[in-house]
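Residues per chain, in single letters:
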Amino acid sequence: MTIDRRSLIGGMAALALPLPAMARGRDTLGGIAAAKGIRFGSTMGHKNFYDPAYRALNARECALVVPETEMKWSATRPDARTFDFRAADRIVDWASANGLGVRGHTLLWHSERWMPDWIKTYDFGANPRTEAERLLADHVRTVAGRYAPRVDSFDVVNEAIDSDTGTLRETALSKPIGAQAVIDIAFHTARQAAPRAQLVYNDYMGWRQDEAVHRAAVLKLLEGMKARGTPVDALGVQSHLGSKYSDSPTGLGAIDERGWRDFLDAVTAMGLDLLVTEMDVHDNPLPGAIARRDAEVAAHTRAYLDLMLSYPQTKTVMCWGLSDRYSWLNGFRPRADGLTKRPCPFDAAFRPKPMRDAIAAAFAAAPPRA
Ligand code: 9MR
């Protein structure tokens, strides 16, 4: 019997029941990836988690989910003493009930902008270094320890580097401790709290020519961590593809494939695994016509994944949202023509797009992982 995808999603939404047996069927992205030993997943959070049809789409296509904001300090820390895990728990509980794995994001977004406001004016007392270390370690231990049984991979530190200058960012925590020490404390504490989890440094350096400074700085950071014995297992390559400039004359951005391969070679030579953690395509510079735009997005995705999957160390691939309807990019730097962006594998009505087929084809063509 053939079941139409859309009526299936509609039916699941109406029932609002987990259907683990139907999840990750062989023709889903999760299923096609799994046949090669790859875990495929996406992010969920905000109000999209409360859309039953979207939950059903994720349950069907994904082997893995990652909360989009719900595990960050901004969501879990109303103040220095309290933790609020309600929103994160809802996603983790739903994932478990549906047989999906969960990635943890992020134990520390090392960026002043994304820390909760209270920490910016927090009184670190007479021994600011001791108090900053205590606050950081307490946070990492509490969050990693709580989710360790169900989260087997954490973005321990996210975006610690200023991508323009290549220097480590400064935050309220790093001022008394030093940025390098902040990163090391976060990883050591995560290892203690979640000894079996994969510990990931996650950042947005990419394959465009204008990302060389960022790549070099990430390499330097990872080399230092390895030299100091900081327990990092993998690099999370966010993979927000496309130019950072909305009016780029080079379309999705001029690619430096040699520079990118050299970077990935150096990362994997350190014994680190690679993850694609947040893939989407920022289509601002592409023409408005949907067929042409979708085709270019799909071709770019396919070329990128073919390269990433040529590394056997890439065993996890995650999109930053499955549907254009809920992509963060639609609230960030609007297209000049005002059209809705199409960064994800499924459209706003959850119909598969050429990008979805490109991801499936890249998985199908990938060498099996060990
Ligand atoms: O997509 C996320 C958006 O909804 C949040 O408002 C924002 C701040 O928490 O974070 C976005 O996700 C980011 C991720 O956590 C780290 N890499 C870049 C992502 C897009 O900005």
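Scoring rules and cut-offs
Residues numbered from 1 in each chain as written. Predicted model: local features only at pLDDT ≥ 70, side-chain atom pairs only at ≥ 80, totals over all residues. Heavy atoms only, no water. Near = heavy atom within 4 Å. Polar contact = N/O pair within 3.5 Å; in protein donor to acceptor, adjacent residues only side chain to side chain. Areas by Shrake-Rupley, 256 points an atom, 1.4 Å probe, with all protein chains shown as cover. Nonpolar A, V, L, I, M, F, W, Y, C, P; charged D, E, K, R; others polar. Helix = DSSP H or I, 4+ residues; strand = E, 2+ residues; numbered from the N terminus. Expected span 1.5 Å × (residues − 1). Buried < 20%, exposed > 50% of the residue type's maximum accessible area, 1.4 Å probe, protein only. Contact = heavy atoms within 4.5 Å. Salt bridge = Lys/Arg side-chain N within 4 Å of Asp/Glu carboxyl O. Pairing = 2+ DSSP bridges. Phe/Tyr/Trp six-rings, centres within 6.5 Å; stacked < 30°, edge-to-face > 60°. Lys NZ or Arg CZ within 6 Å of the ring centre and 35° of its normal.

Draft legend 1. How the structure looks around the site of the ligand. Taken together, 14 residues lie around the ligand, and His46, Glu68, Lys72, His105 and Glu278 are the ones closest in. In this structure, an oxygen atom belonging to the ligand sits 2.8 Å away from a side-chain N or O atom of His46. At a separation of 3.2 Å, a nitrogen atom of the ligand approaches a polar side-chain atom of Gln238. For the ligand, whose accessible area on its own is 450 Å², the fraction buried by protein is 82%. Of the residues in the shell around the ligand, the class split is 4 nonpolar, 6 polar and 4 charged.

Draft legend 2. Local environment of helix α12 (residues 290-309). Its 20 residues give α12 an end-to-end C-alpha distance of 28 Å, which sits within 8% of 28 Å, the value for a rise of 1.5 Å per residue. For α12, the complete set of buried residues consists of Arg293, Asp294, Val297, Ala298, His300, Thr301, Tyr304, Leu305, Leu307, Met308 and Leu309. Residues of α12 that are buried sit in contact with β6 (234-237), β7 (240-241), α11 (257-269), β8 (273-281), β9 (314-319) and α13 (354-365).

Draft legend 3. Representation of the environment of Val151 in the model. Looking at the element boundaries, Val151 is found in strand β4 (residues 151-158). Spatially, the C-alpha atoms of Val151 and Ala193 are 12 Å apart, while their sequence positions differ by 42 residues.

Draft legend 4. Fine view of the pattern of salt bridges. Tallying each qualifying case throughout the model produces 28 salt bridges. The partner of Arg335 in a salt bridge is Asp283, with the nearest N and O atoms 3.2 Å apart. Highlighted residues: Arg335 in the loop between β9 and α13 and Asp283 in the loop between β8 and α12, separated in sequence by 52 residues. Both residues of the pair, Arg335 and Asp283, belong to the buried class. One network of salt bridges, in which partners are shared, links Asp283, Arg293, Arg335 and Asp337.

Draft legend 5. The pairing of β4, seen in detail. Taken across its 8 residues, β4 has 7 buried, putting it largely inside the fold. Bridge count between strand β3 (residues 101-109) and β4: 6 bridges; the pairing is parallel. Looking across to β4, one finds that Val102 is bridged to Val151. Relative to strand β5 (residues 198-203), β4 runs parallel, the two being bridged by 5 bridges. Looking at the pairing, Phe154 lines up with Leu199 of β5.

Draft legend 6. Representation of the side chain of Asn284. Looking at the secondary structure, you find Asn284 in the loop between β8 and α12. Residue classification places Asn284 among the buried residues on the basis of a relative accessible area of 7%. Polar side-chain contacts of Asn284 include one of 3.4 Å to the side chain of Lys341.

Draft legend 7. Representation of helix α9 (residues 179-193) in the model. Here α9 spans 21 Å end to end across 15 residues, near enough to the 21 Å set by a 1.5 Å rise per residue. By the burial criterion, the buried members of α9 are Ala179, Val182, Ile183, Asp184, Ile185, Ala186, Phe187, Thr189, Ala190 and Ala193. Looking at the packing, one finds that the buried side of α9 touches β3, α7 (128-147), β4, α8 (174-177), β5 and α10 (212-228).

Draft legend 8. Here's a closer look at the packing of aromatic side chains. Under the defined criterion, the tally for this structure stands at 15 aromatic pairs. Ring geometry for Phe40 against Phe363: centres 5.8 Å apart, planes inclined by 70 degrees, an arrangement best described as edge-to-face. Remark: Phe363 occurs in helix α13 and Phe40 occurs in strand β1 (residues 39-44); sequence separation between them is 323 residues. Seen from their ring centres, Trp118 and Tyr122 are 5.8 Å apart, and the 75 degrees between their planes marks the pair as edge-to-face. Following the ring pairs from residue to residue traces out a cluster consisting of Trp73, Trp118, Tyr122 and Phe124. The ring of Phe83 has Arg77 sitting right over it, with the charged end atom 3.8 Å from the ring centre.

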